[in-house]
Amino acid sequence: MSQHKPKNGKAANPLHKPWTKTDKAAANKPNRNTTTAKPQAAKAVKSVHEDEIKVYSQNACRVLFQQRPDSVIRLYVSDKIAPKFADVMKYLAATKKAYHIVDEAELEKVSASTHHGGVVMLVKRKPVQSLANYLQQKGRKKDCLLALDSVSNAHNLGAITRSCAHFGVGGIIMKQPELLQSGAALRTAEGGGEFVDGLSCDNLPLALQLCKEAGYTLITTSSHGGTSLYQSELPAKVVIVFGEEMFGVSKNVAKGADIALQIPGSGKVESLNVSVAASLILGEWYRQQL
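Right, let's walk through the structure included here. (Residues numbered from 1 in each chain as written. Predicted model: local features only at pLDDT ≥ 70, side-chain atom pairs only at ≥ 80, totals over all residues. Heavy atoms only, no water.)

### Some remarks on the side chain of glutamate 284
What counts, and what does not: Helix numbers and strand numbers start at the N terminus; a helix is a DSSP run of H or I with at least 4 residues, a strand a run of E with at least 2. For the purposes of these results, a polar contact is taken to be a pair of N or O atoms within 3.5 Å, where, inside protein, one atom must be able to donate a hydrogen and its partner to accept one; residues adjacent in sequence count only when each atom of the pair is a side-chain atom. Note on definitions: a residue-residue contact is assigned when non-hydrogen atoms from the two residues lie within 4.5 Å.
Considering the arrangement of structural elements, one finds glutamate 284 in helix α10 (residues 274–289). Polar side-chain contacts of glutamate 284 include one of 2.9 Å to the side chain of glutamine 288. Excluding residues that lie within four positions of it along the chain, glutamate 284 makes contacts with Leu229, Tyr230 and Leu234.

Pasting the structure below:
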């Protein structure tokens, strides 16, 4: 990261707020929205409003700030990581929003996690779109959506979201799309959560029927049957359905599928983790559409 250099040629510490005036009047004037470089005790965010979430880890926070800086409400960062977020602190100071440089213990309290990575942001929750509204948007000749049937593990959701962002999948159909915006899911997604929308539905079989009526082909997976992924021609508009690992896709969902796929392998294990299976199928769909 390049640093601001004053006239004397010495690089300024970004934590000394090089964007502010250095005259005595400015230096003595209190600023309620910023802190000094000295770690301070910050009040833990015990609860947040329904439209606010806590995001942590460097990649998740960095990508979020790049994509929607206006949504950032407050920043908590360690002294060690702070130089990497000097631009964020400058932005928050300019927009009269608070940031706090705190120690590891405070970050753990704020994030409620030991995997905070040295930075936590309190941000406005990204709006959830309904599947019906998504399908009303015309002009998609090529599109891939995921539908998750009872998949709720935060780390699986984050890994799936990361793969979706990598392969250009814009939406994940779920009954509880807000689960995609948990701190653990967004950390695991490594910033991918900013590029993938949660699409809400009340009834998954009905939602998938709406997708079929909109021209999408429904694809399910099975560890015991179906056509080999690498011997199948995947259509340009698809919804790929995944179920939770123990029981798979429910019968009501599976019976509406147009294509059942199997990921071939050695057979030494019964099945793959749902996030790994999603990545393999999305990668093959992406390859065939090139």
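Okay, back to it.
### Considering empty space enclosed by the protein
Worth spelling out the cut-off: Both site types are read off a 1 Å grid over the protein atoms alone. A 1.4 Å probe that fits but cannot get out defines a cavity, while an open set with protein on both sides within 12 Å along at least five of seven lines defines a pocket; lining residues have an atom within 4 Å of a point. Grid points are joined across faces, edges and corners, and a volume is the space filled by probe spheres set on the points. Residues are grouped as follows: Ala, Val, Leu, Ile, Met, Phe, Trp, Tyr, Cys and Pro are nonpolar; Asp, Glu, Lys and Arg are charged; all remaining types, including Gly, are polar.
Scanning the entire structure with this criterion turns up two cavities of 30 Å³ or more. Looking at the largest cavity, its volume works out to about 120 Å³. Forming the boundary of the largest cavity are 16 residues, of which Lys126, Leu180, Gln181, Gly193 and Val196 lie nearest the centre. Class assignment of the residues belonging to the lining of the largest cavity gives a composition of eight nonpolar, four polar and four charged. In terms of lining residues, the second largest cavity is bounded by Val55, Ala60, Leu64, Leu186, Gly191, Gly192, Gly193 and Glu194. Classifying every residue of the lining of the second largest cavity by side-chain character gives four nonpolar, three polar and one charged.

### Looking at the environment of aspartate 258
For clarity, the cut-off: Type-normalised accessible area, obtained with a 1.4 Å probe on protein chains alone, sets the label of each residue: buried when under 20%, exposed when over 50%, and partly exposed for intermediate values.
Residue position: aspartate 258 is located in the loop between α9 (251–254) and β12 (259–262). You can call aspartate 258 partly exposed: its relative accessible area is 41%. Separated by 42 residues in the primary sequence, aspartate 258 and tyrosine 216 have C-alpha atoms spaced 9.7 Å apart. A polar atom in the side chain of aspartate 258 sits 3.3 Å from the side chain of lysine 212. A polar side-chain atom of aspartate 258 sits 2.8 Å from the main-chain amide nitrogen of leucine 218.

### So, helix α3 (residues 86–94)
We count it as follows: Here the arc refers to the directions that run from the helix axis out to each C-beta atom.
For α3, the complete set of buried residues consists of Ala86, Val88, Met89, Leu92 and Ala93. The buried residues of α3 all sit within an arc of 160 degrees when viewed along its axis, so they share a single face. Each element contacted by the buried residues of α3 is listed here: α2 (58–67), β2 (72–78), β3 (98–102) and β4 (119–124). Directly after α3, the chain includes lysine 96, whose backbone phi takes a positive value near 60 degrees.

### A word on the packing of aromatic side chains
The geometry of an aromatic ring pair comes down to the distance between the two centres and the angle between the two planes. Basically, it comes down to this: Pairing of aromatic rings covers Phe, Tyr and Trp, the last through its six-membered ring, and needs centres within 6.5 Å; plane angles under 30 degrees mean stacked, over 60 mean edge-to-face, and all others mean tilted. In our convention, an over-ring charge means Lys NZ or Arg CZ found within 6 Å of a ring centre and within 35 degrees of that ring's normal.
Summed over the entire model, instances satisfying the criterion amount to two aromatic pairs. Between the aromatic rings of phenylalanine 65 and tyrosine 91, the centroid separation amounts to 5.4 Å while the plane-to-plane angle is 75 degrees, which identifies the pairing as edge-to-face. Taken as a pair, phenylalanine 65 in helix α2 and tyrosine 91 in helix α3 lie far apart in primary sequence, 26 residues in all. Their ring planes at 55 degrees and their centres at 5.7 Å tell us that phenylalanine 167 and tyrosine 286 sit as a pair that is tilted. Here the residue phenylalanine 167 occupies a position in the loop between α6 (154–166) and β7 (171–174), and tyrosine 286 occupies one in helix α10, the gap between them amounting to 119 residues. Using a relative accessible area of 36% as the deciding quantity, one classes tyrosine 286 as partly exposed. The lysine or arginine in question, arginine 62, covers the ring of phenylalanine 85, its NZ or CZ lying 4.9 Å from the ring centre. A cation sits over an aromatic face here: arginine 140 above tyrosine 134, 3.8 Å from the ring centre.

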